[in-house]
Amino acid sequence: MKKILIMLLALFMMTALCYAEQNEGKIATTNKNVDSSRFIYLLSDNSFDYFFDSKTIVYNSHPYLDEQVVDVWIKEINNDEFQSDIGYEMKHYYFRINNKQMILLEYADFTADSRLIEKSAKIFTDAGWENVIPGTSEEKCYQLILDYAKTNKISKVNSKQKNQQQDIYDILSTIII
């Protein structure tokens, strides 16, 4: 009986040791493109690990309305072990504080060794705001970033565009879309 107990205990310890080594490898792989002093971990899902840039997060003025938005860059790192060479994406968002909406302003794709693959910027229009979908990773990121902005002293940017009027294209696209 003692031999069986000792064997089970040894097996349990070996399993725990192997599991710890396996997880250490995954953490090292997952975080290889993350400067931990700059990028703050948000969450992980089946596809990505999400971080946000704590050095560039600010309250910014909405370009047309008298309201503040959270201006943030989010880093999405592919966590699929079979596609680990794909790299990561940086996405620049505005988050509306009271309306639970977000808008993607620009994004850039990078290789695993931080070389730029593709970059794209979008024209800001009020029609581009999207409602945050409940129960998604998007909603969790949105909420965690707003919580961070509320509890930490992030700076406010006074944009000169605050009193700028919407152009006719923007007004029409808001009405039509």
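Our subject is the structure listed above.
Description of the structure in this document. (Residues numbered from 1 in each chain as written. Predicted model: local features only at pLDDT ≥ 70, side-chain atom pairs only at ≥ 80, totals over all residues. Heavy atoms only, no water.)

**Re the side chain of Asn-79**
Phase 1 of the analysis: Tracing the sequence through the fold places Asn-79 in the loop between strand S4 (68-78) and strand S5 (88-96).
Phase 2 of the analysis: Taking the relative accessible area as the measure of exposure, Asn-79 reaches 15% and is therefore buried.
Phase 3 of the analysis: A distance of 3.3 Å separates the side chain of Asn-79 from the backbone oxygen of Phe-48, its partner in a polar contact. (Helix = DSSP H or I, 4+ residues; strand = E, 2+ residues; numbered from the N terminus. Buried < 20%, exposed > 50% of the residue type's maximum accessible area, 1.4 Å probe, protein only. Polar contact = N/O pair within 3.5 Å; in protein donor to acceptor, adjacent residues only side chain to side chain.)

**Brief notes about the packing of aromatic side chains**
Phase 1 of the analysis: Within the structure shown, the criterion is met by nine aromatic pairs.
Phase 2 of the analysis: For the pair Phe-48 and Tyr-50, a centre-to-centre distance of 6.2 Å together with 55 degrees between the ring planes defines the contact as tilted.
Phase 3 of the analysis: Look at Tyr-50 and you get buried, because its relative accessible area is 9%.
Phase 4 of the analysis: Note on Tyr-88 and Phe-110: the rings are 5.0 Å apart at their centroids and 15 degrees apart in plane angle, and the pair reads as stacked. (Phe/Tyr/Trp six-rings, centres within 6.5 Å; stacked < 30°, edge-to-face > 60°.)

**Regarding the nonpolar core**
Phase 1 of the analysis: If you look at the biggest cluster of nonpolar residues, it comprises 19 residues, and the most contacted ones within it are Val-70, Val-72, Ile-74, Phe-95 and Ile-145.
Phase 2 of the analysis: Of all the elements in the fold, those that place two or more residues in this core are strand S1 (39-44), strand S2 (48-53), S4, S5 and helix H2 (137-151).
Phase 3 of the analysis: What Val-70 contacts, discounting residues up to four positions off in sequence, is Ile-57, Val-58, Tyr-59, Tyr-93, Tyr-94, Phe-95, Ile-97, Ile-145, Leu-146 and Ala-149. (Core = buried A, V, L, I, M, F, W, Y, C linked by side-chain atoms within 4.5 Å. Contact = heavy atoms within 4.5 Å.)

**A look at H2**
Phase 1 of the analysis: Compared with the 21 Å implied by 1.5 Å per residue over 15 residues, the 21 Å span of H2 between its first and last C-alpha is a close match.
Phase 2 of the analysis: For H2, every residue scored as buried is listed here: Ser-137, Glu-139, Cys-141, Tyr-142, Ile-145, Leu-146 and Ala-149.
Phase 3 of the analysis: Buried residues along H2 sit against S1, S2, strand S3 (58-61), S4, S5 and strand S6 (101-110). (Expected span 1.5 Å × (residues − 1).)

**Focus: the pairing of S4**
Phase 1 of the analysis: Burial runs high along S4: nine of the eleven residues are buried.
Phase 2 of the analysis: Where S3 folds back onto S4 in an antiparallel hairpin, the turn is made up of six residues.
Phase 3 of the analysis: Bridge analysis of S4 against S5 gives nine bridges, and the strand direction is antiparallel. Looking across to S5, one finds that Ile-74 is bridged to Lys-91. (Pairing = 2+ DSSP bridges.)

**A closer look at the environment of Ile-123**
Phase 1 of the analysis: One can find Ile-123 in the loop between strand S7 (116-121) and strand S8 (130-131).
Phase 2 of the analysis: Residue classification places Ile-123 among the exposed positions, given a relative accessible area of 75%.
Phase 3 of the analysis: When the C-alpha atoms of Ile-123 and Leu-105 are compared, they prove to be 7.2 Å apart, with 18 residues separating the residues in sequence.

**Some words on the side chain of His-62**
Phase 1 of the analysis: Its place among the elements puts His-62 in the loop between S3 and S4.
Phase 2 of the analysis: Within the structure, the side chain of His-62 is placed 3.2 Å from the side chain of Asp-126, a separation counted as a polar contact.

**Describing the pattern of salt bridges**
Phase 1 of the analysis: One pass over the full model with this rule turns up six salt bridges.
Phase 2 of the analysis: Asp-53 is paired through a salt bridge with Arg-38; the nearest N and O atoms lie 2.8 Å apart. On the criterion of sequence distance, the pair formed by Asp-53 in strand S2 and Arg-38 in the loop between helix H1 (2-30) and S1 is long-range, its members being 15 residues apart.
Phase 3 of the analysis: By relative accessible area, Asp-53 is classed as buried at 3%.
Phase 4 of the analysis: Relative accessible area serves as the criterion here: at 28%, Arg-38 is assigned to the partly exposed category. (Salt bridge = Lys/Arg side-chain N within 4 Å of Asp/Glu carboxyl O.)

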